[in-house]
Amino acid sequence: MSTADHPAPRSLAEALRARDDHSLAALLRSRPDLITPVPTDLTQLATRAGTRASVVRALERLDRFTLQAAEALAVAADPASYTELLGLMGGDDGDPAVTAALPGAVAGLREQALVWGGDDRLRLVRTARELLAPSPQHPSPTGLGPTVQEVTAGMSPGRIQEIVGTAGLASTHDAVSAAAALTALFTDRARMDELLGQAPADSLDVLDRLVWGPPYGQVTADPAARLRWLLDRGLLLPTAPGTVVLPREVALHLRAGRAHRAPEPVPPAVEPAGTHTPAVVDATAAGQAYTALATVEELLKDWDEGGPAVLRAGGLSVRDLKRTAVALDASEPMAAFWVELAYAAGLVASDGEADERYAATPAYDEWLEQPPAERWARLAEAWLLATRTAGVVGGRDAKERPLSALGPGLDRSAAPEVRHRVLTLLAGLPQGTAPAADVVLARLRWERPLRARGGTVSRPGESGGAVARPGENGGEDDDLRSRLVRWTLTEAETLGVTGRGALSAHGRALLGAPGPRAADADGPAGPGGRLPFPHHRTARPEPLSAAEQSVASAAAARLLTPLLPEPLDHVLLQADLTAVAPGPLRRPLADTLGVLADVESKGGATVYRFTPGSVRRALDAGRTASDLHAFLATHSRTPVPQPLAYLIDDVARRHGHLRVGAASAYVRCDDDALLNEIIADKRAAALRLRRLAPTVLAAEADPATLLEGLRAMGYAPAAESAEGDVLIARAHAHRTPPRTAPEPVPEGPPVPDPTLLTAAIRAIRAGDLASTAPRKVSTGDAVPPAGGELPRTGSAETLATMQAAVLTGQAVWIGYVNAEGAASQRVIAPVRVEGGFVTAYDHTADEVRTYPLHRITGVAELADERQ
């Protein structure tokens, strides 16, 4: 901003008023909370941009160097020149990297309305200065203390004059001028060098310990000689009994003018830790993707007939999570990840029954019918966008309540952004290149230092605050962003988005990244992946819109399809009552075999074992012995072994020989000898059977318990209906009602789209025109408004002024209250006045509107310069 072209703005509102629409759009994109709701004018926008909550949110999104620049401005004079800021950032000797990066950092602060004014008068917004300036309760990250003027404000005039005299300065007439004289001494490099050249060595040691902070120290009532020398000359100043501080000006001299010990103008380079061929990476990731699909299918198959019960507070119990982990042959954290992934994809939900349980949703059946690559893309997209974070399962919330899988309290709004940013960094590396986790973590900490540190800070007397300080506010939120980075790297590998730590081709497509360098998160990279202006955040790819993400997911599925193994239509039957599937099976074959046999082992090949119980399960599902023989003969590349054929015939011969119905329950059988055998069996005592007829037994147990009891005794009963027909218990019968996937919990308002931005800027400009248009001071009954108040005129004058404006074609300024009671100011050009309504071109809305005259509070003519 050049002061030669524009007069120096006197406020943030004036600075915003001087911006063009492109600059305002950039502000509203970077700080979307400012547009919710749309401000009425630029003054309200400036006021909102200076509120504590909005400033805190903006500070949290600054990278480390831009934040360091803001912290330096907070300890500089207000206003400060760009040259002064450069000196604080680069020191007396200067730093070429800081010199190159600082213009972009200042531009970023200006863009976000955290800094305003020209280069000769840079002003940090008041709220940001309050948050970042040092205070005894909240030391600045710069390690600097208060100024001489601030420390001496409460000091006795006599004591200040003593310090001035001992420092070799002429006495003054008042404390203010004495503090100014000390400040001038401490900011004069030559005079300070001379003064410190006289200091004892042990006094200089004291200054060395305080120079980089914290600047406060403790002294006794009778300080040692080395401390007394510093206190007498104001190099240490008392702040409270027993406490002294190193004044800011003295510290800056000892630091050679630098506000920070180590400015970081360049982000840490994401160096590779390993390199693999792209084909190996893609193949490894595809293998993991196939395993992910199999794991989710196995999870929901286990819950097909009704999964674990829902806790009263929501979620899975610890015991059910352990059981799920055993069923999936995974650790409990990984089981929580798979459960949450299925939930995020809308494949599992609670059934809503009185005895509420988790079960697959109807969407699961649709998902199973899709090609494998498309099923994976749906899981990967759900993971990328979900705010629910499985990594926090097992921890506790702010009220010390346990966090359970599928339960409340798992949303972490920063998760989608972190996942996208981590994968974008990987996309910026050459294909096949895998970085170390610590390198990625260091980069993310540079990009969001406040969030990486965790915690909040509040000024005395305030109840809120959100600017992080190291070591404060421990707990679950400490370093959450760092943990999200590590979870992202692990989950991406598990899901098959990455392979051997490198981003796969289909993972790259999932981000909408066309190529490794084109998707570089930092734009055109210099040597070693470093940028000339790394702080410039506009080069960073942002998360895709919903429509763009759908297209990207489809592209990822197309790339993954040829990498997944082709499903097989056969198995290999063996004489030991097992079947070997040498690869993934086609859907009908896998479903039927999963009912007919039990999975014994997994891996490159899956081994199924046939047992009497598994064969009975197939018969219960409605299959006949001839169906099972035909199925095995069709899908086996080896002859059906005789032991397996005998097993099927033997179970089928006994299946349904006994019939169980409801009395409470009964058993009927044409073979009365078999019923005699059951009554005589001691194991049947718990069923409390009694004979009703030669072929019928009654039981006090319910039918389900009776069925299980007889099967435990080695029989193969079948359930029957009231009409005497065999009931077929088909597998996969339990489904929830239609459910939608959980909506992500956004982190603040969403980034506005171009259409909303255009409309909002037009409305803000028009509202600003209405509020700032110069107006004539009317006579008669008109009351000139003050301080943005609505104009007030009588109904007769309002009507007369409107009619006159129609004749002259001039615009007027009105106050208007709508049907909801909301008041606004508008600039309109009346076209017609009739029937109690005025039709006019509304400059505020940029369209022709009709207003009831009784809702117009008053009217005023615009000054001649606006006509």
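Residues numbered from 1 in each chain as written. Predicted model: local features only at pLDDT ≥ 70, side-chain atom pairs only at ≥ 80, totals over all residues. Heavy atoms only, no water.

With respect to the packing of helix 16 (residues 278–302) against helix 18 (residues 332–344)
Two numbers describe a pair of packed helices, the interaxial angle and the distance between the axes. Where helix 16 meets helix 18, the closest approach of the two axes is 10 Å, and the angle between their N-to-C directions is 85°. Our classification of the angle between helix 16 and helix 18 gives roughly perpendicular. Side by side, helix 16 and helix 18 meet where Ala 292, Thr 295, Val 296 and Leu 299 of the first sit next to Trp 338, Val 339, Leu 341 and Ala 342 of the second. (Axes fitted to C-alpha atoms, helices over the stretch in contact; angles between N-to-C directions. Helix = DSSP H or I, 4+ residues; strand = E, 2+ residues; numbered from the N terminus. Parallel < 35°, antiparallel > 145°, perpendicular 65-115°, else oblique. Contact = heavy atoms within 4.5 Å.)

Concerning the packing of aromatic side chains
In total, this model carries four aromatic pairs according to the counting rule given. Arg 375 extends its terminal NZ or CZ atom over the ring of Trp 367, reaching a point 5.2 Å from the ring centre. (Phe/Tyr/Trp six-rings, centres within 6.5 Å; stacked < 30°, edge-to-face > 60°. Lys NZ or Arg CZ within 6 Å of the ring centre and 35° of its normal.)

Some points on a negative patch on the surface
A cluster of acidic side chains, namely Asp 670, Asp 671, Asp 672 and Glu 677, defines a negative patch on the protein surface. Mapped onto the elements, Asp 671 comes out in the loop between strand 17 (665–668) and helix 31 (672–680). (Patch = residues over 30% accessible without salt bridge, like charges linked within 9 Å, V, L, I, M, F, W, Y side chains within 5 Å. Areas by Shrake-Rupley, 256 points an atom, 1.4 Å probe, with all protein chains shown as cover. Salt bridge = Lys/Arg side-chain N within 4 Å of Asp/Glu carboxyl O. Lys, Arg positive; Asp, Glu negative; His and termini not counted. Charge placed at Lys NZ, Arg CZ, Asp CG, Glu CD.)

A word on the sheet that holds strand 22 (residues 823–834)
In space, the five strands of this open sheet follow the order 24-23-22-21-25, with antiparallel pairing throughout. If you trace the sheet from one side to the other, it starts and ends with strand 24 (847–852) and strand 25 (856–861), each paired once. Averaged over all adjacent pairs, the angle separating strand axes in this sheet is 45°, with direction ignored. Sheet topology places strand 23 (residues 837–842) next to strand 24; six bridges connect them, and they run antiparallel. Considered in strand 24, the bridge of Val 838 is made with Tyr 851. (Pairing = 2+ DSSP bridges.)

Focus on the sheet that holds strand 3 (residues 216–218)
Sheet architecture is open: three strands sit in the order 3-5-4, paired in antiparallel fashion. Edge positions in the open sheet fall to strand 3 and strand 4 (237–240), since each of these has one partner strand only. Put simply, the sheet's adjacent strands are angled 40° from each other on average, direction ignored. The sheet contact formed by strand 3 and strand 5 (residues 243–245) spans three bridges and is antiparallel. Bridge pairing links Gly 217 to Val 244 in strand 5.

Digging into helix 30 (residues 642–654)
Between its terminal C-alpha atoms helix 30 stretches 19 Å, which fits the 18 Å expected from 13 residues at 1.5 Å a residue. Those residues of helix 30 that fall on the buried side of the exposure criterion are Leu 644, Ala 645, Leu 647, Ile 648 and Val 651. Relative to the axis of helix 30, the buried residues are bounded by an arc of 160° and lie together on one face. Facing away from the buried surface of helix 30 by more than 90 degrees, the exposed residues are Gln 642, Tyr 646 and Arg 653. On its buried side, helix 30 packs onto strand 12 (572–574), helix 28 (612–620) and helix 29 (625–635). (Expected span 1.5 Å × (residues − 1). Buried < 20%, exposed > 50% of the residue type's maximum accessible area, 1.4 Å probe, protein only. Arc of directions from axis to C-beta.)

Remarks on the side chain of Glu 720
Relative to the elements of secondary structure, Glu 720 occurs in the loop between strand 20 (718–719) and helix 33 (754–772). By relative accessible area, which is 6% here, Glu 720 ends up buried. Of the polar contacts made by the side chain of Glu 720, one reaches the side chain of Arg 668; its length is 2.8 Å. (Polar contact = N/O pair within 3.5 Å; in protein donor to acceptor, adjacent residues only side chain to side chain.)

Section: the pattern of salt bridges
Pairing between side chains of opposite charge can happen when their charged atoms approach one another. Tallied over the entire structure, the rule returns 37 salt bridges. Across the pair Asp 365 and Arg 735 runs a salt bridge, and its minimum N-O distance is 2.8 Å. In this pair, Asp 365 is assigned in helix 19 (residues 362–369) and Arg 735 in the loop between strand 20 and helix 33, connecting sequence segments 370 residues apart. Owing to a relative accessible area of 31%, Asp 365 belongs among the partly exposed residues under this scheme. On the basis of relative accessible area, Arg 735 is assigned to the buried category, the value being 19%. Between Arg 668 and Glu 720 there is a salt bridge whose closest N-O contact spans 2.8 Å. Highlighted residues: Arg 668 in strand 17 and Glu 720 in the loop between strand 20 and helix 33, separated in sequence by 52 residues. Exposure remark for Arg 668: the relative accessible area of 30% places this residue in the partly exposed category. Where salt bridges share partners, they join Arg 61, Glu 417, Arg 448 and Arg 481 into one cluster.

Quick word on unusual backbone geometry
The omega torsion across Asp 78 and Pro 79 is 5°, close enough to zero to call that bond cis. With an omega of -5°, the peptide bond running from Gly 213 to Pro 214 counts as cis. Turning to its location among the elements, Pro 214 is positioned in the loop between helix 13 (201–210) and strand 3.

Remarks on helix 21 (residues 415–427)
Given a rise of 1.5 Å per residue, 13 residues ought to cover 18 Å, and the 18 Å separating the end C-alpha atoms of helix 21 matches this to within 8%. When you tally the buried positions in helix 21, you get 13 out of 13 residues, the bulk of the element.

As for the environment of Leu 511
Mapping Leu 511 onto the fold places it in the loop between helix 25 (505–510) and helix 26 (546–560). Residue classification places Leu 511 among the buried residues on the basis of a relative accessible area of 8%. For the pair Leu 511 and Arg 421, spaced 90 residues apart in sequence, the C-alpha to C-alpha distance is 10.0 Å.

Some words on the side chain of Gln 68
The topology assignment puts Gln 68 in helix 5 (residues 64–74). The exposure class assigned to Gln 68 is buried, which follows from its relative accessible area of 7%. Reaching out from Gln 68, the side chain makes a polar contact with the backbone oxygen of Ala 262 at a distance of 3.4 Å. Not counting the four nearest positions on each side in its chain, Gln 68 is found in contact with Met 89, His 260, Ala 262, Pro 263 and Glu 264.

A look at the packing of helix 13 against helix 14 (residues 225–232)
For the pair helix 13 and helix 14, the least separation of the axes is 8 Å and the interaxial angle reads 70°. Classified by the interaxial angle, the pair formed by helix 13 and helix 14 is roughly perpendicular. Counting all contacts with helix 13, which are made through Asp 202, Ser 203, Val 206 and Leu 207, the residues of helix 14 involved are Arg 226, Leu 227, Trp 229 and Leu 230. A per-class count over the contact of helix 13 with helix 14 returns five nonpolar, one polar and two charged. (Nonpolar A, V, L, I, M, F, W, Y, C, P; charged D, E, K, R; others polar.)

Considering the nonpolar core
Core analysis: the largest hydrophobic core is formed by 91 residues, its most contacted members being Leu 102, Phe 186, Leu 235 and Leu 236. Looking at this core, the element that brings in the most residues is helix 5, giving seven residues. Within the second largest apolar cluster, 73 residues are counted, among which are Val 296, Trp 338, Ala 405 and Val 497. (Core = buried A, V, L, I, M, F, W, Y, C linked by side-chain atoms within 4.5 Å.)

Side note on the environment of Tyr 608
Mapping Tyr 608 onto the fold places it in strand 15 (residues 606–609). Under the relative-accessibility criterion, Tyr 608 is labelled buried at 10%. If we ignore the near neighbours within four places in the chain, the residues touching Tyr 608 are Leu 577, Thr 578, Ala 579, Ala 581, Leu 585, Leu 593, Ala 597, Asp 598, Val 599 and Glu 600.

Side note on the confidence of the model for the protein
Averaged over all residues, the pLDDT of the protein is 84; the fraction at 70 or higher stands at 88%. Across residues 455–478, confidence stays below pLDDT 50; counting only partners more than four residues off in sequence or on other chains, it has 67 contacts. Of the regions scoring below 50 in pLDDT, residues 779–787 engages in 11 contacts with residues more than four places distant in sequence or in other chains. (pLDDT = per-residue confidence, 0-100.)

Remarks on the environment of Leu 311
With respect to the element layout, Leu 311 can be found in the loop between helix 16 and helix 17 (318–328). Measuring from C-alpha to C-alpha, the distance between Leu 311 and Ser 404 comes to 9.4 Å, with 93 residues separating the pair along the chain. Dropping the residues within four chain positions of it, Leu 311 is found in contact with Leu 316, Ser 317 and Ser 404.

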